[in-house]
Amino acid sequence: MKQHARVVVIGGGALGAGLLYALTKEGWDDVVLLEKGELTSGSTWHAAGLIPHFIGGLSMAKLHQEGPRLYKALEAETGQATGWHGCGAIRLALNDAEVDWFKYVKGILDYVGSECHLVTPSEIRDLHPLLVVDDVKVGFYTPNDGHTDPASATNAMAAGARLGGATIYRHTQVTGTRLLDSGEWEVSTDKGTIVCEHVVNAAGSFAKQIGEWVGLDLPIVNMEHHYLVTDNLPEVEALDKEPPVIRDPKASCYYRQEQKGILIGPYERAGAQAWGLDGIDWSFDMELLTPALDRLETSLEHAAERIPCWTNAGIKRVVNGPITHTPDGGFLLGPAEGLRNYWLCCGASIGITQGPGCGKYLAQWMVHGQTEINVRDMDPRRYGKWASGDYAIAKSIDEYQQMYQPHLPGEYRDAGRPTRITPLYEPLKNAGAVYGDTFGWERAKWYAPKGVEEQYGFRRNNSFDAVAEECRAVRERVGLTDLTSFSKYEVSGKDAFAFLERVCANRIPAKPGGVVLSQMLTELGGIEGEATVTCLSDNHYYLLSAAVAELHDLDWLVQHVNSDEEVQIKNVTDDFGVLVLTGPRSRDVLQTLTDAGLKNEDGFTWMQAREIAVAGIPVRALRVSYVGELGWELHCPMDKLGELYDALMQAGESHGIQRFGTYAMNSLRIEKAYKGWGSELTTEISLVEANMLRFARKSGGYIGADVVEQKKRDGVPIYLVYCEIDSSDADAMGNEPVLDGEKIIGVTTGGAYGHTVKKSLAFAYVNSGYEIEGTEFEVRILGETRKARVLLEATWDPTNDRLRG
Ligand SMILES: Cc1cc2nc3c(=O)[nH]c(=O)nc-3n(C[C@H](O)[C@H](O)[C@H](O)COP(=O)(O)OP(=O)(O)OC[C@H]3O[C@@H](n4cnc5c(N)ncnc54)[C@H](O)[C@@H]3O)c2cc1C
């Protein structure tokens, strides 16, 4: 066995083999895969092999294109067949919410170029004559879908990897991974040890156990999943061609032809079972689980209504095997928190589909330091410690049971919640807060009148009027919201200023009290992170970033400290509670609770911070506002948050203070044309495309500066624009295609209704040439094209007078 390799991949399933193949395509050939059994002997060998294009996110839709593309091409490249059947697929919609979901997803697939059609029930019958479609409203037809033989497809990727120079050791069990002083990884096996630069955990059902060796607690839960294969059926034999794969939300089942019978795969809606929660014996290999058909009864009854002919046949095979699930149903792809060059490629619940795409994008990440797609929804660091244990189990079971149901905007299902709350959770709930969770934190979306529940959907919903009121309070009087969920770090040490000037593109304040907003860029100029940086004292900084970025940004900062720099970075997220007090009367309210001067004349101007006492509580007060009004973020010790909140509410009473939630905040921020990290600002683009050059230090010297300068000189093919849309019932949510006639020329990144300016507003990336003020194009929202025009400046207070007031 080799003693040294650039990369060691642990696990030879669809994900491990997909990555190994892709690494060789990116030019790394000193790569090794270790598999304790045969290739595919985990979950891969017994999968049903369905390969769908349908998926509700833009990056995921791009990733899903890789499976069919590769599985069709591999035989010619390697001589190894993959068992590809290009029969297409249809997903059924039975109610209006599902129809809207399909329209939304169609926009995504149209944008990325995956062929799809919305088809009528009679067209569905033409494509699949065995189906009962009485209750079907519409079908989502993806003609280029299909299914493959998972074992052959994985072996073909392995063959391709070998041709590219990779080495695969089968029957070699990894028994430990250890970080050496040199920064390399030592991988121990039952056949010897290998030292490598990069180690990848692609161990499927065993990934959690392998992660524990290095202190990770991965939120991966193995779910039992069945499929049944019927005996041959005369009705299937009589078909003149293989019908499309069907996905049926009522039965929560997939159906496809298997030889001359039918394969039925139910995702039970209740009673789904997690497996192996106490650990899995390493000897589990090429094995199945005991079938539990009683759990499938309801699904199978509905399946019999959908395709009645299969009930005449015997069942020739029942497969029950483990599938890895995570709390949001997505896989874990990317760096493991806190560990340099330890990568995760695991947690996939449809890994046969996703193996090639996971491989492609993780290989890009490992080799080039960034990917060509936005990977924030895949990054393992979207989960923290809060996500493991009971939360992971409850959420994964729920995800599994909801596998074929739409994820409606605004809907945060109850399973596993609450997990991360502030001392204000109960008081705000009693005041009507309707909560959603972000990075585990419960945050009020809006405040509902007593007895009113939010009606989720893709269009404006019953929160609309209440949110309009919350916006009015902020614009005309004063609003209060709990934003404790901000990620917070302290950066200190002799070289803190120099370090931040290198990592951040903006000028870093050297004087205490200075506050700036800055992006952090990759070497290739992509926007990796964004933080508000406050100088507390000489070489002592307080950084704030998005809730979901807590571990991502921490890693980014920690891993960019040079060995010769004296810099300490501390995650203080849980130490501080944060209240945002904002609106034209916010100064009057705050002044009643503090002796500190709050006026411009006192030097407390916009983008300044002071450590002051508010109602006797020590507070870091930052004069900043994401909603574009006079206002302060008040950061206090977490245990004082309740006291501070009570004092502010009491002081604000005579000024008409009102609580507001994240829906109002989104409406207010988009009126100010403020861009958000993760939606508008992603690694795919630089400050040039984002039209944010004013945040790039002219003197340069920051990471990514050369690329920014070069793009500035050469121009870029796409630009971010701010636009208004003629829409009266639904707003852009992000991922809607932007069109010039029939031609797709861009995609939205986010949007909302601006309650103050009474416009539907959005951000979109459009091809160069369409970014000029007043340019008209169309945005297709839920299947309807709506006129839109480019705006040059914010629709609310473009000169920032209110912020400066
Ligand atoms: C019944 C069923 C039907 C399914 N149908 C579909 C479908 O239609 N479409 C689809 O896309 N997906 C489907 N799936 C899901 C799919 O099977 C999984 O998502 C996919 O196989 C996961 O691949 P993986 O590489 O992550 O894990 P695995 O295939 O489990 O591979 C992990 C590998 O790591 C090895 N390993 C573990 N520990 C060690 C160690 N210490 N040393 C060395 N090697 C180790 C294991 O032996 C294993 O081979 C189905 C799953 C089931 C159970």
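Right, let's walk through the structure included here. Every value quoted in this text rests on a predicted model; they were computed, and no experiment measured them.

Take the overall build of the chain next. Per the secondary structure count, the chain includes 19 helices and 38 strands. Taken against the 2.2 N^0.38 rule, which gives 28 Å for 805 residues, the C-alpha radius of gyration of the chain at 27 Å falls within 12% of a compact globule. Oriented by its inertia axes, the alpha-carbon framework of the chain measures out at about 85 × 65 × 50 Å. Within the chain, residue pairs in contact and separated by at least 24 positions form 73% of the contacts whose partners lie at least 6 positions apart.

Our next topic: the packing of helix 1 (residues 14-25) against helix 9 (residues 351-368). Where helix 1 contacts helix 9, the axes come no closer than 7 Å and their chain directions differ by 40°. With respect to helix 9, the axis of helix 1 lies oblique. Regarding helix 1 and helix 9, the two cross each other, and that crossing is right-handed. Two secondary-structure elements touch here, helix 1 through Ala-14, Leu-15, Gly-18, Leu-19, Ala-22 and Leu-23 and helix 9 through Gly-351, Ile-352, Gly-355, Cys-358, Gly-359, Lys-360, Leu-362, Ala-363, Met-366 and Val-367. Here the residues of the contact of helix 1 with helix 9 are counted per class, giving eleven nonpolar, four polar and one charged.

Let us look at the packing of aromatic side chains. Given two aromatic rings, their pairing is described by the distance between the two centres and the angle made by the two planes. This model, assessed by the stated rule, comprises 23 aromatic pairs. Ring geometry for Phe-604 against Trp-632: centres 6.0 Å apart, planes inclined by 80°, an arrangement best described as edge-to-face. Of the two residues, Phe-604 is situated in the loop between helix 15 (586-591) and strand 29 (609-614) and Trp-632 in strand 31 (residues 631-637); the sequence distance between them amounts to 28 residues. A relative accessible area of 1% places Phe-604 in the buried class. You can call Trp-632 buried: its relative accessible area is 0%.

Glancing now at the nonpolar core. Counting residues in hydrophobic clusters, the biggest one holds 80 residues, and the most contacted among them are Leu-19, Val-200, Cys-345, Leu-362, Met-366 and Phe-777. If sequence neighbours within four positions are ignored, Cys-345 has contacts with Leu-15, Leu-19, Val-200, Asn-201, Ala-202, Leu-332, Leu-333, Cys-358 and Leu-362. Core analysis: the next-biggest nonpolar cluster, separate from the first, contains 39 residues, Trp-185, Leu-218, Leu-339 and Ala-547 among them.

Time to look at the pairing of strand 36 (residues 759-767). Most of strand 36 is tucked away: seven of the nine residues are buried. With eight bridges connecting them, strand 33 (residues 718-725) and strand 36 associate as antiparallel partners. Pairing of Ile-725 across the sheet is with Ser-760, part of strand 36. By the bridge criterion, eight bridges tie strand 35 (residues 743-754) to strand 36 in an arrangement that is antiparallel. Paired with Gly-750 across the strands is Phe-763, a residue of strand 36. Where strand 35 folds back onto strand 36 in an antiparallel hairpin, the turn is made up of four residues, including Lys-758, whose phi is positive at roughly 55°.

One open sheet accounts for six strands, arranged 29-30-31-28-22-32; its pairing is mixed. The sheet is open, and its two borders are formed by strand 29 and strand 32 (658-659), each paired with just one other strand. Note: strand 28 (residues 576-582) against strand 31, seven bridges, orientation antiparallel. Following the sheet pairing, Leu-581 is matched in strand 31 by Trp-632. Running over the sheet, helix 16 (residues 641-652) touches strand 22 (479-482), strand 28, strand 29, strand 30 (617-622), strand 31 and strand 32 and is turned about 15° from strand 28.

Time to look at the site of the ligand. Around the ligand there are 39 residues in total, and Glu-35, Ser-43, Thr-44, Leu-50 and Gly-351 lie nearest to it. Measuring from an oxygen atom of the ligand, one finds a backbone N or O atom of Leu-50 at 2.8 Å. Between the ligand and Ile-352 there is a distance of 3.1 Å, counted from an oxygen atom to a backbone nitrogen or oxygen. When the ligand sits alone it has 1000 Å² of accessible area, and the protein chains cover 99% of it. Contributions of two or more residues to the shell around the ligand are made by helix 1, strand 12 (221-230), strand 17 (315-325) and helix 9. Residue composition of the shell around the ligand, by class: 20 nonpolar, 17 polar and two charged.

A few words on the pattern of salt bridges. The full count for this structure, using the stated rule, is 53 salt bridges. Notably, a salt bridge pairs Asp-379 with Arg-381, separated by 2.8 Å at the nearest N-O pair. We note that Asp-379, like Arg-381, is buried. Of the charged contacts, one joins Lys-494 and Asp-495 as a salt bridge, the two residues approaching to 3.5 Å between their closest N and O atoms. Via salt bridges that share partners, Asp-100, Arg-459, Asp-729, Glu-784 and Arg-786 belong to a single interconnected network.

Within the closed barrel, the six strands sit side by side as 33-36-35-34-37-38. Their pairing is antiparallel. Neighbouring strand axes in the sheet, compared pairwise and without regard to direction, differ in orientation by 45° on average.

Along an α-helix, a turn takes 3.6 residues, which lines up residues three or four apart on a common side. Most of helix 13 (residues 496-503) is tucked away: six of the eight residues are buried. Where helix 13 is concerned, the buried positions are Ala-496, Phe-499, Leu-500, Glu-501, Arg-502 and Val-503. Lining the buried residues of helix 13 we find strand 23 (487-492), strand 24 (515-521), strand 25 (527-537), strand 26 (540-545), helix 14 (550-559) and strand 27 (568-571).

Further remarks concern the environment of Glu-490. As for its placement among the helices and strands, Glu-490 is situated in strand 23. As a C-alpha pair, Glu-490 and Leu-543 span 53 residues in sequence and 6.2 Å in three-dimensional space. Dropping the residues within four chain positions of it, Glu-490 is found in contact with His-540, Tyr-541, Tyr-542, Gln-568, Ile-569, Lys-570, Val-572, Phe-576 and Arg-620. Polar contacts involving the side chain of Glu-490 include one to the side chain of Arg-620, which spans 2.8 Å.

Quick notes on the rules
- What you see as residue numbers is a count from 1 along each chain, following the sequence as written.
- Given that this is a predicted model, residues contribute local features only at a pLDDT of at least 70 and side-chain atom pairs are listed and counted only at 80 or more, while totals for whole chains, interfaces and linings are drawn from all residues.
- Working from all heavy atoms in the structure, the side-chain values ignore hydrogens and water.
- Note on conventions: DSSP H or I runs of at least 4 residues are helices, E runs of at least 2 residues are strands, and numbering of each starts at the N terminus.
- Atoms counted for the radius of gyration: C-alpha only. Globule rule: 2.2 Å times the number of residues to the power 0.38.
- Whether two residues touch is decided by their heavy atoms; if any such pair falls within 4.5 Å, the residues are in contact.
- To define axes, lines are fitted to C-alpha atoms, for helices over the stretch in contact only, and angles between the resulting N-to-C directions are given on a 0 to 180 degree scale.
- Should an angle fall under 35 degrees it is called roughly parallel, over 145 degrees roughly antiparallel, and 65 to 115 degrees roughly perpendicular, with every other angle called oblique.
- By definition, any crossing whose near helix is turned counterclockwise from its far helix by less than a right angle is left-handed, and any crossing with a clockwise turn is right-handed.
- Any residue that is not Ala, Val, Leu, Ile, Met, Phe, Trp, Tyr, Cys, Pro, Asp, Glu, Lys or Arg is counted as polar, Gly included; the first ten are nonpolar and the last four charged.
- Stacked, edge-to-face and tilted labels apply to pairs of Phe, Tyr and Trp rings (six-membered ring for Trp) whose centres lie within 6.5 Å, assigned for plane angles under 30 degrees, over 60, and everything in between, in that order.
- Burial classes follow relative accessibility: with a 1.4 Å probe on protein chains only, a residue under 20% of its type's maximum area counts as buried, one over 50% as exposed, and anything between as partly exposed.
- Grouping buried Ala, Val, Leu, Ile, Met, Phe, Trp, Tyr and Cys residues that are joined through side-chain atoms within 4.5 Å yields what is termed a nonpolar core.
- Two strands make a pair as long as DSSP finds a minimum of two bridges between them.
- Nearness of a residue to a molecule or strand requires only that one of the residue's heavy atoms be within 4 Å of it.
- Pairs of N or O atoms within 3.5 Å make up the polar contacts considered here, provided that, within protein, one atom can donate a hydrogen while the other can accept it, and that residues adjacent in sequence are counted only when both atoms are side-chain atoms.
- Working definition of accessibility: Shrake-Rupley area with a 1.4 Å probe, residue cover restricted to the visible protein chains.
- Counted as salt bridges are all cases of a side-chain nitrogen of Lys or Arg within 4 Å of a carboxyl oxygen of Asp or Glu.

From the geometry alone we can't say anything about function, so treat these as descriptive.
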